[in-house]
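Chain and residue survey
Spelled out from the first residue to the last, the chains are:
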Amino acid sequence: FQYYDKHFVKRSMGKWYFQDKPLNIFGAIDFAFSTKQRADFTCLVIIGMDADGNIFVLDIDRFKTNRISDYFECISRAHVKWDVRRIAAEISVAQVAIVEDLKAKIREYGLALSIKSVSPTRHGGTKEERVRACLQPRYENGTMWHYRGGAIDDLEMELIQTRPTHDDIKDALTM
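Within strand S5 (residues 42–49), 7 of the 8 residues are buried, leaving the element largely enclosed by the surrounding structure. Linking S5 to strand S6 (residues 55–63), which pair antiparallel, is a turn of 5 residues; within it Gly-53 sits at a positive phi near 85 degrees.

So this is what it looks like as structure tokens:
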């Protein structure tokens, strides 16, 4: 893994930069709707991408809930903190209703934010195949950057282990 120093990430005149390179900010959320001990977490990952294709994992919010209001709070915090304008959300049948409710709340609060529903199909391969196809080349080519500490430690364990207990962070990062 490669690491960057967070103090090089700055905001100036409404735009985020890594050193002097502008970053495009994106987010992705992987929903889990259970608070049981062994259940997956809901995870929101925020990344910044520069013009050279470097991806900086900027923030990870990982929690358990069964309340849509918690999802909205997480997304709105990221919107305020990072000025993220677009978040991808992987949806299954049950998650369609969650995303529609979140879109209604975003409109109600007048946020400059959109949620893009992502529905993986079997043609894209298994979840693990999609993760490998998306992330492995980026790590091998040295274009993926982590900060040190916090939930990054959980992400790195998910990436290293063959069958991790949870895979929510790498799923969100893949989106």
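In this section: the confidence of the model for the protein chain. Per-residue confidence for the protein chain gives a mean pLDDT of 91; residues scoring 70 or more make up 95%. Ranking the elements of the protein chain by mean pLDDT puts helix H3 (residues 127–140) last with 89 and strand S3 (residues 15–18) first with 98.

Right, let's talk about helix H4 (residues 152–160) for a bit. The periodicity of an α-helix, 3.6 residues per turn, causes residues three or four places apart in sequence to face the same way. Of the positions making up H4, those classed as buried are Ile-152, Leu-155, Glu-156 and Glu-158. Burial along H4 is one-sided: seen end-on, the buried residues are contained in an arc of 160 degrees. The secondary structure elements touched by the buried residues of H4 are strand S1 (2–3), S6, H3, strand S9 (144–146) and helix H5 (168–174).

Once that is clear, we can look at H3. Given a rise of 1.5 Å per residue, 14 residues ought to cover 20 Å, and the 20 Å separating the end C-alpha atoms of H3 matches this to within 8%. Along its length, H3 reaches its greatest deviation from straightness, about 25 degrees, at Ala-133, and the proline Pro-137 lies no more than four positions downstream. When H3 is considered as a whole, its buried residues turn out to be Val-131, Cys-134 and Leu-135. As for H3, its buried residues are in contact with S9, H4 and H5. Two residues or fewer past H3, Gly-142 is found with a positive phi of approximately 75 degrees.

Here the focus is the packing of aromatic side chains. In this structure the tally under the stated criterion is 10 aromatic pairs. The interplanar angle of 70 degrees and the centroid separation of 4.9 Å between the aromatic rings of Phe-31 and Tyr-71 together place this pair among those described as edge-to-face. Linking Phe-31 in the loop between strand S4 (21–30) and S5 with Tyr-71 in helix H1 (residues 68–82), this pair joins segments that are 40 residues apart in sequence. Centre to centre, the rings of Phe-72 and Tyr-109 are 5.2 Å apart; their planes meet at 35 degrees, and the pair counts as tilted. Residue Phe-72 is located in helix H1, and its partner Tyr-109 is located in helix H2 (residues 93–109); the two are separated by 37 residues in the primary sequence.

Let's shift gears to the nonpolar core. Counting 46 residues, the largest nonpolar core has Val-45 and Ile-60 as its most contacted members. For Ile-60, the contacting residues outside a window of four places in its chain are Cys-43, Leu-44, Val-45, Tyr-147, Ala-151, Ile-152, Leu-155 and Ile-169.

Considering all chains together, one arrives at 11 salt bridges under this definition. In this structure, Asp-154 and Arg-62 form a salt bridge, with 3.2 Å as the shortest nitrogen-oxygen distance. Linking Asp-154 in helix H4 with Arg-62 in strand S6, this pair joins segments that are 92 residues apart in sequence. Asp-154 sits in the partly exposed class, given a relative accessible area of 33%. Residues Asp-70 and Arg-67 are paired through a salt bridge, measuring 3.5 Å at the closest nitrogen-oxygen approach. Since its relative accessible area comes to 44%, Arg-67 is described here as partly exposed. One salt-bridge network, in which partners are shared between bridges, spans Arg-62, Asp-154, Glu-158 and Asp-168.

Procedures and definitions
- Residues numbered from 1 in each chain as written.
- Predicted model: local features only at pLDDT ≥ 70, side-chain atom pairs only at ≥ 80, totals over all residues.
- Heavy atoms only, no water.
- Buried < 20%, exposed > 50% of the residue type's maximum accessible area, 1.4 Å probe, protein only.
- Helix = DSSP H or I, 4+ residues; strand = E, 2+ residues; numbered from the N terminus.
- Pairing = 2+ DSSP bridges.
- pLDDT = per-residue confidence, 0-100.
- Arc of directions from axis to C-beta.
- Contact = heavy atoms within 4.5 Å.
- Expected span 1.5 Å × (residues − 1).
- Bend = angle between axes of the 7 residues up to and from the residue.
- Phe/Tyr/Trp six-rings, centres within 6.5 Å; stacked < 30°, edge-to-face > 60°.
- Core = buried A, V, L, I, M, F, W, Y, C linked by side-chain atoms within 4.5 Å.
- Salt bridge = Lys/Arg side-chain N within 4 Å of Asp/Glu carboxyl O.

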